[in-house]
Amino acid sequence: MKYTRLTKEQLEELHQEFINFLATQSITADEWATLKTEKPAVAEQEIDVFSDLVWEGVLTQATYLENISSQHMYLFHLREDEMKLIAVKILNESIDITTKEGFAWLQENYSTEEVEILTANKAYSEDRNADKFALLQQGSNITKGQLFQWFETMMA
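Cut-offs applied
Residues numbered from 1 in each chain as written. Predicted model: local features only at pLDDT ≥ 70, side-chain atom pairs only at ≥ 80, totals over all residues. Heavy atoms only, no water. Phe/Tyr/Trp six-rings, centres within 6.5 Å; stacked < 30°, edge-to-face > 60°. Helix = DSSP H or I, 4+ residues; strand = E, 2+ residues; numbered from the N terminus. Buried < 20%, exposed > 50% of the residue type's maximum accessible area, 1.4 Å probe, protein only. Lys NZ or Arg CZ within 6 Å of the ring centre and 35° of its normal. Axes fitted to C-alpha atoms, helices over the stretch in contact; angles between N-to-C directions. Parallel < 35°, antiparallel > 145°, perpendicular 65-115°, else oblique. Contact = heavy atoms within 4.5 Å. Nonpolar A, V, L, I, M, F, W, Y, C, P; charged D, E, K, R; others polar. Pairing = 2+ DSSP bridges.

A. Seen up close, the packing of aromatic side chains. Overall, the coordinates contain 9 aromatic pairs when judged by the stated rule. With 5.7 Å between their ring centres and 50 degrees between their planes, Tyr64 and Phe148 make a pair best called tilted. On the criterion of sequence distance, the pair formed by Tyr64 in strand E1 (residues 64-68) and Phe148 in helix H7 (residues 146-155) is long-range, its members being 84 residues apart. Since its relative accessible area comes to 11%, Tyr64 is described here as buried. An angle of 90 degrees between the planes, with centres 4.9 Å apart, marks the rings of Trp150 and Phe151 as edge-to-face. When its relative accessible area of 26% is taken as the criterion, Trp150 is described as partly exposed. With relative accessibility at 1%, the residue Phe151 sits in the buried group. Lying over the aromatic face of Tyr124, Arg128 brings its terminal NZ or CZ to 5.5 Å of the ring centre.

In structure tokens form, the structure reads like this:
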């Protein structure tokens, strides 16, 4: 596998897509039921292939990622040719930006000495989607990029 197997919940959510995938493999519902009981390793391989296909599609479409903790915010814009990062560090340890109050504080104080903002650009490796997946594995979430765009506008 290139990525990770989809969870049971994710597979249930993509039930119809999985049925369509099996159909492209010329596997009927009866054959799938037989595979699961008589050749579970083959059935798992089919799930792995499907998982990788889903991940490829999701990662190809992903444009923004966020990784937010109490004192740090890593905002990524996944451009065609490179990743752009806006990193926000809260120097006031009593502030937790994962709370509503802490986030409101950040919006008011982003330009003070209590907040450090850094930007960076990084080229992708040979496998752009693997780079994106690594960020997800480290705790990032796919977003619409509103925070990235807000900070980019504020820094302009």
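From this point, things continue past the structure.
B. Quick peek at the packing of helix H3 (residues 29-38) against helix H4 (residues 40-61). For the pair H3 and H4, the least separation of the axes is 5 Å and the interaxial angle reads 120 degrees. By the angle between their directions, the pair H3 and H4 is classed as oblique. Packed against H3, whose contacting residues are Trp32, Leu35, Lys36, Thr37 and Glu38, the element H4 presents Pro40, Val42, Ala43, Glu46 and Ile47 at the interface. Residues that form the contact of H3 with H4 fall into these classes: 6 nonpolar, 1 polar and 3 charged.

C. Summary view of the pairing of E1. Buried residues dominate E1, accounting for 4 of its 5 residues. Pairing of E1 with strand E2 (residues 72-78), which is carried by 5 bridges, proceeds in the antiparallel orientation. Residue pairing for E2: Glu66 is matched across the bridge by Leu75. Between E1 and E2, which follow one another and run antiparallel, lie 3 residues. Strand direction decides the pairing type here: E1 and strand E5 (residues 141-143), joined by 3 bridges, are antiparallel. Residue pairing in the sheet places Leu65 in a bridge with Ile142 of E5.

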